[in-house]
Amino acid sequence: MSIERTYIMIKPDGVQRGLIGKIIQRFEERGFKLIALKLTQSTEAHLEDHYADLKGKPFFPGLIKYMASGPVVAMVWEGLDAVKTGRVMLGATNPLQSPVGSIRGDFCLAVGRNICHGSDSVDSAEKEIKLWFPEGVTQYTSALESWILE
Ligand code: RTP
């Protein structure tokens, strides 16, 4: 177990459906610390960099169009095993295979409209944080930290 940072993004459908507050609340309530957040509409070129590993997949063009179609909420959350735990909180890529209680399992149905993204490894988190927050992230101590971390 280690203190990690993960990149979590509320996709355009999550923003349009008014789910920003609910998704943020889950990360706050779990005990993660928010260290960066912005609402931003991305270019297709930027999204092609973010999803570079998926270039060539049949759903890639549709994915880029959907992701560029409206603003997203870009966030960095920090805490114990933040990468793995963040993915568990999001659920499976396909919402129909996501357990109830996970964000996708509670709020969506279609794989191409799965409302959120979470880094899949510490390395990808580092790359994604640089890509979405080239200006850097905040450093601060939360008063609750000693009640959440041993
Ligand atoms: P994400 O990167 O968005 O967190 O999703 P993921 O790791 O769970 O899944 P990944 O394989 O990286 O796919 C990225 C996004 O592409 C869309 N997708 N559509 N139509 C399809 O079969 C399909 N497969 C993937 C989803 O929006 C997925 O989150």
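Computed from a predicted model, the values in this text were never measured in an experiment. (Residues numbered from 1 in each chain as written. Predicted model: local features only at pLDDT ≥ 70, side-chain atom pairs only at ≥ 80, totals over all residues. Heavy atoms only, no water.)

For the rest of this paragraph, the subject is a nonpolar patch on the surface. Taken together, the side chains of Met1, Ile3 and Leu80 make up a nonpolar region of the molecular surface, amounting to roughly 360 Å² of accessible area. Summarising the element assignment, Leu80 is placed in strand 3 (residues 72-80). The class for Leu80 is partly exposed, based on a relative accessible area of 39%. (Patch = residues over 30% accessible without salt bridge, like charges linked within 9 Å, V, L, I, M, F, W, Y side chains within 5 Å. Areas by Shrake-Rupley, 256 points an atom, 1.4 Å probe, with all protein chains shown as cover. Salt bridge = Lys/Arg side-chain N within 4 Å of Asp/Glu carboxyl O. Helix = DSSP H or I, 4+ residues; strand = E, 2+ residues; numbered from the N terminus. Buried < 20%, exposed > 50% of the residue type's maximum accessible area, 1.4 Å probe, protein only.)

The next subject is unusual backbone geometry. The phi dihedral of Asp81 falls on the positive side, at around 50 degrees, and the residue is not glycine. Among the secondary structure elements, Asp81 is positioned in the loop between strand 3 and helix 5 (82-90). Its relative accessible area of 22% is what places Asp81 among the partly exposed residues. Positive phi, normally seen in glycine, also occurs at Ile115, with a value near 55 degrees. Here Ile115 is to be found in the loop between helix 6 (103-107) and strand 4 (116-118). On the basis of relative accessible area, Ile115 is assigned to the buried category, the value being 0%.

On to the layout of surface pockets. The space that makes up the largest pocket amounts to roughly 730 Å³. Together, 27 residues line the largest pocket, and His50, Tyr51, Leu54, His117 and Glu128 are the ones closest to its centre. For the lining of the largest pocket, the secondary structure elements donating two or more residues are helix 3 (44-50), helix 4 (60-68), strand 4 and helix 7 (122-132). Class assignment of the residues belonging to the lining of the largest pocket gives a composition of nine nonpolar, nine polar and nine charged. In this structure, the second largest pocket occupies an estimated 210 Å³ of space. Gly31, Phe32, Lys33, Ser142 and Ile148 are, among the 15 residues lining the second largest pocket, the residues nearest its centre. At the level of elements, strand 2 (33-40), strand 3 and helix 8 (145-148) are the ones that each hand at least two residues to the lining of the second largest pocket. Examining the composition of the lining of the second largest pocket, we find that three residues originate from one element, strand 3, more than from any other. Residue composition of the lining of the second largest pocket, grouped by class: eight nonpolar, three polar and four charged. (1 Å grid on protein atoms, 1.4 Å probe; cavity = no way out; pocket = protein on both sides within 12 Å on 5 of 7 lines; lining within 4 Å. Points joined across faces, edges and corners; volume = space filled by probe spheres on them. Nonpolar A, V, L, I, M, F, W, Y, C, P; charged D, E, K, R; others polar.)

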